[in-house]
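# Structural description and commentary
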Amino acid sequence: MPYCSHCGVEVDPKARSCPLCLAPIQALPRDPEAMPEYAQVDYKEARVRLPVEYRRRFAVYLLSLVFFTPLLVVLVIDFVQSGTLDWSRYVAAALLTGWAYSVIPLLVRRRVVAIVLSYVAVSAGFLWVLDHLHGPPWWFYSVGLPILAVLAVVCCAVVVAALKVKRKGANIAAFVLLGIAVFCIGVDIVIAANIRGAAALTIGWSAIVAVALLPPAGFLLYLQYGIARRIDFRRRFHV
Amino acid sequence: MRYRTGGMSTQASVSGAAPGDWYRLDNAAKAFAPALSRRYTTLFRVAVVLNKPVRVHDLQRALDRCMKRFPYYQVHLRPGFFWYYFEENPTTLRVRPDPQNPCMRHSLRRRGSYLLRVRCYHCRISVEFSHALTDGFGALQFLNTLLCAYHEEVHGVIQDWGSIIHPESARDPQETEDSFLREYVPHAPAPVSASGAWHLPYRLLPAGIYRVCSGVVPAGPLRAAAKERGGTVNDFLTAVYCMALQSSAERLGNPKRPVRVFVPVNLRAFFPSRTMRNFFSVVSVELDLRLGHFEFEEIFRLVFYRLRLELNEKNLRTHLKRNVKNERNPVLRVVPRTIKDRLVAFVYKRVAEGMNTASISNLGRVSLPSELEGAVDRYEFLPPPSPMTKINCAVIGFGDEIVISFGRMIENSIVEMYFFRTLRELGIPARIHTNWGGD
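## Quick look at the overall build of chain B
What chain B contains, in helices and strands, is twelve helices and 17 strands. Here the C-alpha radius of gyration of chain B, 21 Å, is about what a compact globule of 439 residues would show, namely 22 Å. Once the C-alpha set of chain B is aligned to its principal axes, its extents read approximately 65 × 55 × 40 Å. Within chain B, the fraction of its 439 residues that count as buried is 49%. Restricting to contacts in chain B with at least 6 residues of sequence separation, those with at least 24 account for 76%.

## Details of the interface of chain A and chain B
Counting residues at the interface gives 31 residues for chain A and 36 residues for chain B. Partitioned by chemical class, the residues of the side of chain A that touches chain B number 20 nonpolar, three polar and eight charged.

## Details of the domain arrangement of chain B
Residue and element names in this part refer to chain B. Domain boundaries in chain B define domain 1 (4-9 + 20-160 + 177-183) and domain 2 (211-434). Distance between the C-alpha centres of domain 1 and domain 2: 22 Å. Taken residue by residue, the interface counts 50 residues in domain 1 and 45 residues in domain 2. Of the residues belonging to the side of domain 1 that touches domain 2, the class tally is 29 nonpolar, twelve polar and nine charged.

## Re the confidence of the model for chain B
All names here are of chain B. Scored by pLDDT, chain B has a mean of 90; 95% of the residues are at 70 or more. This model gives residues 1-16 a pLDDT under 50, and the stretch forms 27 contacts once residues within four places in sequence are excluded. Confidence metrics for the complex model read pTM 0.80 and ipTM 0.75.

## Considering the packing of helix α1 (residues 52-82) of chain A against helix α2 (residues 88-107) of chain A
All names here are of chain A. Contact pair α1 / α2: the axes reach a minimum separation of 9 Å and the direction vectors enclose 180 degrees. With respect to α2, the element α1 is oriented roughly antiparallel. Residues Arg 56, Ala 59, Val 60, Leu 63, Ser 64, Phe 67, Pro 70, Leu 71, Val 74, Leu 75 and Asp 78 of α1 lie in contact with α2, whose contacting residues are Ser 88, Val 91, Ala 92, Leu 95, Gly 98, Trp 99, Ser 102, Val 103, Leu 106 and Leu 107.

Criteria and cut-off values
Residues numbered from 1 in each chain as written. Chains lettered and ligands numbered in written order. Predicted model: local features only at pLDDT ≥ 70, side-chain atom pairs only at ≥ 80, totals over all residues. Helix = DSSP H or I, 4+ residues; strand = E, 2+ residues; numbered from the N terminus. Rg over C-alpha atoms; globule rule 2.2 N^0.38 Å. Buried ≥ 20, exposed ≤ 12 C-beta atoms within 10 Å, placed from the backbone. Contact = placed C-beta atoms within 7 Å. Nonpolar A, V, L, I, M, F, W, Y, C, P; charged D, E, K, R; others polar. Domains from an automatic or database assignment. pLDDT = per-residue confidence, 0-100. Axes fitted to C-alpha atoms, helices over the stretch in contact; angles between N-to-C directions. Parallel < 35°, antiparallel > 145°, perpendicular 65-115°, else oblique.

Structure below.
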């Protein structure tokens, strides 16, 4: 072991000078197996990856804070101003619905049917509350609920179709356009039947929407199943 | 059965800690947690150097076993409204490579970040603990358990673990208690506060750099030299340290403030406690260089009598009073943590750390089961970095060798130089190694 004659200490075999007084140390034949006492590099601190369940719980807490803080504020302001809860009830209903929309995928994860049913239930609840806040209820059962049912069915159909197809691309956009067309027809029928008092299955403005949407949807389907089969877009436009 | 005492659960689960468990910080940790910063990492290290290179996968398996036994270390630091608290850490602690600069680069306040690290390099297994989590005693207990578990993974079952905690043994609820609060006597007087001490005048190295210099000295001559003077190894090394600081201070000019060395004391030796969290206090040895130069024998006598005067149960109760009275202060308790953080950090860094020139911490001699005696080369103990004192010293013994390690945040190695030269003059050889190579 090399030795510093000034400090009287033995030093590392690889040291060329004394680490204490910096005096040079005579080189000795080195042991090729010898490792330095410490690594010669510093490592960055490893990134902490929290478990999914922990992050999900944290996200729920954070979203609750984001939605319930303004909820509390508007309730207090309304009560202080008018001595009762008036307009703030609408805001509170909207905030509670927004909170439910945002936390449902976090709480009911990976169960698509449960998520869809939860969304439908929350939306129905929101519409029911709005109808009842305004005075005697009159539009929820006749208009709100049927439109919501149409929306839920159309959305489910589009999602299922998008999941079922093997090659995904322009056909998804086509399914969305077709879904919009069907939804508009459904809304038109419900409104015509309940508000305008028309006979059942009367189609008005929604026919124009459907006619406008069908050509682009057809083009997109042709693009997907007609042209795309012959041209490999993935190869030509890969990033 | 499961019960909670301030959130502490004693029930074991798969991870060791039950989900949702939380722990109050102990009295000492309440000062360390707000002080955390890039330089005040509060991390200290206990390490064991084996005779063969470490097998990382076996070490990871041993670590997984150990963490179930020590759930109070499987935590991360979370901010409460009034105080910080420890919460069960949902991540798994992984063995990491050992870098050139130990006890640095750690974001201890980050969510999911452990307050301990297990690192390995070549033949060395190192455990770095934040002082917010435990003291040297707790860290050494953990390292010994980890070492024995690792040895079992590699070489088979150890028959007799002796005083070392077995990873599958039952946990004692007292291991999580805050012994400071248990031994605190409200009407005891607090000790007289010390004045500011002299500090090394050098500029700090950039954050992230920590110079380590360890000297391996034979235990026989050291014990003989201490015994010849009627003292212990601890008295002797503290005296040599004071001598080195005196030589440094004299070379750097005539200091107007005293050279004061803090000696941490394991309070478990004076009060019955089985806690694995912090339970230590500090006593000090002071040299006022305005009185003139002190010879080594003078310093030794001063250290000898000072330590014996300080180290008794009654005097240590006054130290407990000083530590706990602030925590119990009703005004301080209701101050929000964000404000308290700044206040406590200032008091800790400027006032408490400002009262000592340097510290020397001695963990004593480590004993291991007979199966491991031949597998271990030596133990190492590194002190936590301190930008105020700039240098600290830590001592640990194993077998017939004692390792004296200095950790400093300055470039100049004047204190180590005088320390090992003094040892040499007293007839004790040293073999030193550093983390900067000395090239």
